[in-house]
Amino acid sequence: MTRYVYRFGGGASDGEAGNKNLLGGKGANLAEMASIGLPVPPGFTISTEMCARYYEEGERFPDSLRAEVAEGIEHIERITGKSFGDAADPLLVSVRSGARVSMPGMMDTVLNLGLNDATVEGLAAASGDPRFAWDSYRRFIQMYSDVVLGLDHGAFEEALEIAKEDKGVHLDTDLDADDWQRLTRRYRELVEELWGKPFPQDVHEQLWGAIGAVFGSWQSERAKVYRRLNNIPHDWGTAVNVQAMVFGNMGDTSATGVAFTRDPSKGDRAYYGEYLINAQGEDVVAGIRTPQYLTRSAREAAGAKALSMEEAMPEVYGELARVFDLLERHYRDMQDIEFTVERGKLWMLQTRSGKRTAKAALKIAVDMAQEGLITEEEAVLRVDPQALDQLLHPTLDPNADRNVVAKGLPASPGAASGQAVFDADTAERLKGQDRDVILVRIETSPEDIHGMHAARGILTARGGMTSHAAVVARGMGRPCVSGAGSIAIDYRARIMRVAGHEVREGDVITIDGSTGEVMLGAVPTVQPELVGDFAVLMEWADKVRRLRVRTNAETPLDCRTAREFGAEGIGLCRTEHMFFDAERITNVRQMILADNEAGRRAALAKLLPAQRGDFEEIFRIMAGLPVTIRLLDPPLHEFLPHSDEEFAEVAYAAGTTSEKLRTRAAELHEFNPMLGHRGCRLGITYPEIYEMQARAIFEAAVAVANESGEAPIPEVMVPLVATKAELKTIRALIDQAAEAVFEEQGRRIDYLVGTMIELPRAALMAGEIAEEAQFFSFGTNDLTQTTLGVSRDDAGRFLTEYVEKGIFDRDPFVSIDVDGVGQLIGLAAERGRGTAPGLKLGICGEHGGDPASIAFCEATGLDYVSASPYRVPIARLAAAQAALKSRSAAAA
């Protein structure tokens, strides 16, 4: 028969810290603390397996569990010498949740369970403190009514406030035993009014009601949201911990508190926490009373008058400090601890690895390694790569007021304030006047690139986490909130309407790309500080990682930023972004709208020097490193003029009429351009475009090699290949251009020609395609779109629901769909290397900066990942962690 109940305390310990999956974090750590001799109130844990069974069986408990729980209660009774439900000297218990990972405040707790109209009198007599007894009973009724019976918490709070007003006092501590007794009677009346039945007096009914409520809280809306935001699987379930109560509200020798063994905000090696004399735990957490500082130094630093625990209870504080040090050495991590002092005796109620900011995580990991508590490799594993975003971008001042009016998707981290503007040209113009702007668009297009670059941040009403706005913003390191569906944008009136407000062009707004929040007015920000600990941890990470880390970049600024963050080359240089430069767009449009090859070549001749100059700048910054340049990829319609003025400008430059150009533009119209005349199809039909780009690449490479003596390593990438024949045709064109340049310049350099694998057919035919390719780069943005048949720019409308309903574990545009897209990547890698064993393999989609996707790339044997500049450190750390976990799994 499956066992569901595990004891702890009083010399018994059925579990240990390694049993978190079965006992939850709290239960496993209570068992561990008991086993190493710490003062832990006795109790038992109902396992997470019971949570799963509870839901499978229609929220019912098996009889076998009732028998196990009865044995667990007997265990507590033997150790405490008290009996559950005894009117003379009652055993009281707490019932708490405990998932395998910390979910603070997301699930429910019931304290003081076992009190009723009879046992409250026994508690008063046994403790010699009627005030404490009646205070405990009223707390229990209020908490049980809220958590188990689902009654309005506010009604009980209101009754408490009325009681204090009637007595003319402000604090709970000013009420005496008679006051609490009267309030308890009022609470019982409220239960009968709101529930229609008397408050339960049977202590066993109370216990099973609380156990069911705690299991039930796993499926509460707040718990579901928290799990979704933190990628916690819905099928993990929670454990339930039933534990003898100890009381911090038994007078001035009793107290309760929460503490961290190090500062969770800054990471300093100093005790950090709060406590309250004559209180229960929820008083500290809920802010019912203002807590006091734990240490004298913290009190003095804050200028507070109320004595710290170190001063008010020096002996107990000394014992607590010894426990802090013992727990940190035992768990080898910063601990978050809950404790209670009952009449001068210290009891430990919980320990767990403490939540911390990215800055604190970095400092704690490096300090502990340098202290010899953990190894360098363990330090690398201790820091969440995603948390580094907090260190690389400005963040909102946590103490500043904010007026949040909308929420979208946190598409690119960081925070920014500026004047709202509704088009890219205005953004660029105001930037030229040294004004900070936020570019507000329904959705962005490649034509907005200059405005996005000029803006401090980007806000869009439509689009997902990998929409154009999101991808470009992350590449530029700009904060971005996308898909803010509650905002309405009127381009003509230059107004954004949201939550009853009208934001006119020039009005200041603030966006937080880390949370997706949109605020009215300016909110102060805090600039990032990449201090020494960051560099130390990155050095340790680089020692152990196998995957190389490149960047997606095409501007000198992005390239320099990426190099500063440790990029080892460029994995994706999108040449189309260069074409949108204001000085070039007319020539690009002239090339597209030309109706013959001669016209196209004339326009391309004007573009060649500019394109060559772009590549020279990139090669100088990336000297000696590989630079993967993707030839022109997007459909030509993205470059076409829209306004009469733009058509007239192109017509003048081309020596033709606007009408003729409009006819040509209509001929180029496509119904589904994403699958239309783009990628290598452009190179097949208009080979002169790729000829110009190849010549520009090789002329620039030779020029930089001659200038610096260090030859760059160009990797020319052909996009959207589906067949070997396409790549063979384009490769011949590239090789021909290279030979021509080398002969003209009298110097040869090494280069590679490869392709993006972004179509399912290309993945399936990778063995054939590898006969013509020297490298594959998986374009996972398009490969995800073409495999799932989902447009990433429209997916935001329904993918959230897909994740919530468990259809997808995560948004497949954020983290690789391992089962589907991942299978194609693995198959392509295997077939490609079957043909060409030395084939270089990388990934250049947005997934290149996602830690879970990087772990997949490590397992699949890819050679590198490529991420936007500000995600390069994240990728470096994630790659190191993936390598360490892979080694650990292989050793096991």
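In case you missed it, the structure is sitting above this.
Since this is a predicted model, take the numbers as computed values, not measurements.

1. Considerations on the overall build of the chain
Right, on to step 1. On a plain count of helices and strands, the chain comes out with 36 helices and 34 strands.
Right, on to step 2. For the chain, whose C-alpha radius of gyration is 33 Å, the value lies close to the compact-globule estimate of 29 Å for 892 residues.
Right, on to step 3. Once the C-alpha set of the chain is aligned to its principal axes, its extents read approximately 105 × 60 × 55 Å.
Right, on to step 4. The buried share among the 892 residues of the chain stands at 56%.
Right, on to step 5. Contacts in the chain between residues far apart in sequence, at least 24 positions, make up 68% of those at least 6 positions apart.

2. Topic: the pairing of strand β19 (residues 457–460)
Right, on to step 1. What you see with β19 is no split at all: G457 and L459 on one side and I458 and T460 on the other are buried throughout.
Right, on to step 2. Taken together, the 4 bridges between strand β18 (residues 437–441) and β19 define a ladder with parallel strand orientation. Its bridge partner lying in β19, I438 is registered against G457.
Right, on to step 3. Across 2 bridges, β19 lies against strand β20 (residues 480–482) in parallel orientation. Bridge assignment links I458 to a residue of β20, and that residue is C480.

3. Examining the sheet that holds strand β6 (residues 93–99)
Right, on to step 1. Read across the sheet, 6 strands follow the order β2-β1-β3-β8-β6-β7 without closing on themselves; strand pairing throughout is antiparallel. Both outer strands of the open sheet, β2 (12–13) and β7 (109–113), are each paired with one neighbouring strand and no more.
Right, on to step 2. Note: β6 against β7, 3 bridges, orientation antiparallel. Bridge assignment links V95 to a residue of β7, and that residue is V110.

4. Quick word on helix α20 (residues 532–544)
Right, on to step 1. Between its first and last C-alpha atoms α20 spans 19 Å; for 13 residues at 1.5 Å apiece the expected length is 18 Å, and the two agree.
Right, on to step 2. Taken as a whole, α20 has its buried residues at D533, F534, L537, M538, W540, A541 and V544. Taken down its axis, α20 places every buried residue within 160 degrees of arc, on the same side.

5. Focus on the sheet that holds strand β22 (residues 495–498)
Right, on to step 1. If you trace the 3 strands from one edge of the open sheet to the other, you get β21-β22-β23, paired in antiparallel fashion. Among the strands making up the open sheet, the edge pair consists of β21 (488–490) and β23 (501–504). Averaged over neighbouring strand pairs, the angle between their axes works out to 20 degrees when direction is ignored.
Right, on to step 2. Two elements, β22 and β23, share 4 bridges in a ladder whose sense is antiparallel.

6. Considerations on the pattern of salt bridges
Right, on to step 1. As enumerated under the stated definition, the model contains 65 salt bridges in all.
Right, on to step 2. Close ionic contact of R139 with D135 constitutes a salt bridge, the shortest N to O distance being 3.2 Å. Of the two residues, R139 and D135 are both situated in helix α5 (residues 130–147); the distance of 4 residues between them amounts to about one turn of the helix. Comparing R139 with D135 shows no difference in burial state: the two are buried.
Right, on to step 3. Across the pair D633 and R630 runs a salt bridge, and its minimum N-O distance is 3.7 Å. A single burial state applies to D633 and to R630, both of which are buried.
Right, on to step 4. Bridged by salt links that share partners, the residues D542, R545, R548, E568 and R876 form one connected network.

7. A look at unusual backbone geometry
Right, on to step 1. One non-glycine residue, R494, adopts positive backbone phi at about 60 degrees.
Right, on to step 2. Looking at where R494 falls in the secondary structure, it is placed in the loop between β21 and β22.
Right, on to step 3. Its identity as a non-glycine residue notwithstanding, A499 has a phi of 50 degrees, on the positive side.
Right, on to step 4. On the secondary structure map, A499 appears in the loop between β22 and β23.

8. Some points on the side chain of T561
Right, on to step 1. If you trace the backbone, T561 turns up in helix α21 (residues 556–564).
Right, on to step 2. Of the polar contacts made by the side chain of T561, one reaches the backbone oxygen of L557; its length is 2.8 Å.

9. Side note on the nonpolar core
Right, on to step 1. If you look at the biggest cluster of nonpolar residues, it comprises 147 residues, and the most contacted ones within it are L388, L537, F619, F698 and F776.
Right, on to step 2. When residues in this core are grouped by element, the largest group, 12 residues, is from helix α28 (residues 687–708).
Right, on to step 3. Within the second largest apolar cluster, 61 residues are counted, among which are V93, L113, L183 and L207.

10. Concerning the packing of aromatic side chains
Right, on to step 1. Evaluation of the coordinates by the stated rule reveals 20 aromatic pairs.
Right, on to step 2. When the centroid spacing of 5.1 Å and the interplanar angle of 55 degrees are considered together, the rings of F61 and W208 count as tilted. Here the residue F61 occupies a position in the loop between α2 (48–56) and α3 (63–80), and W208 occupies one in helix α8 (residues 203–217), the gap between them amounting to 147 residues. There is no split in this pair, since F61 and W208 are both buried.

11. Regarding the state of the cysteines
Every disulfide links exactly two cysteines, by a covalent bond between their sulfur atoms.
Right, on to step 1. Counted by the stated rule, this structure contains 0 disulfides.
Right, on to step 2. Sulfur of C844: no disulfide; nearest cysteine sulfur belongs to C857 and is 11 Å away.
Right, on to step 3. Exposure remark for C844: the relative accessible area of 2% places this residue in the buried category.

12. Looking at a negative patch on the surface
Right, on to step 1. Together, D425, E428, D581 and E583 line one region of the surface with negative charge.
Right, on to step 2. With respect to the helices and strands, E428 occurs in helix α17 (residues 424–432).
Right, on to step 3. In this structure E428 comes out as partly exposed when scored by relative accessible area, which is 40%.

The rules we used
- Residues numbered from 1 in each chain as written.
- Predicted model: local features only at pLDDT ≥ 70, side-chain atom pairs only at ≥ 80, totals over all residues.
- Heavy atoms only, no water.
- Helix = DSSP H or I, 4+ residues; strand = E, 2+ residues; numbered from the N terminus.
- Rg over C-alpha atoms; globule rule 2.2 N^0.38 Å.
- Buried < 20%, exposed > 50% of the residue type's maximum accessible area, 1.4 Å probe, protein only.
- Contact = heavy atoms within 4.5 Å.
- Pairing = 2+ DSSP bridges.
- Expected span 1.5 Å × (residues − 1).
- Arc of directions from axis to C-beta.
- Axes fitted to C-alpha atoms, helices over the stretch in contact; angles between N-to-C directions.
- Salt bridge = Lys/Arg side-chain N within 4 Å of Asp/Glu carboxyl O.
- Polar contact = N/O pair within 3.5 Å; in protein donor to acceptor, adjacent residues only side chain to side chain.
- Core = buried A, V, L, I, M, F, W, Y, C linked by side-chain atoms within 4.5 Å.
- Phe/Tyr/Trp six-rings, centres within 6.5 Å; stacked < 30°, edge-to-face > 60°.
- Disulfide = S-S within 2.5 Å.
- Patch = residues over 30% accessible without salt bridge, like charges linked within 9 Å, V, L, I, M, F, W, Y side chains within 5 Å.
- Areas by Shrake-Rupley, 256 points an atom, 1.4 Å probe, with all protein chains shown as cover.
- Lys, Arg positive; Asp, Glu negative; His and termini not counted.
- Charge placed at Lys NZ, Arg CZ, Asp CG, Glu CD.

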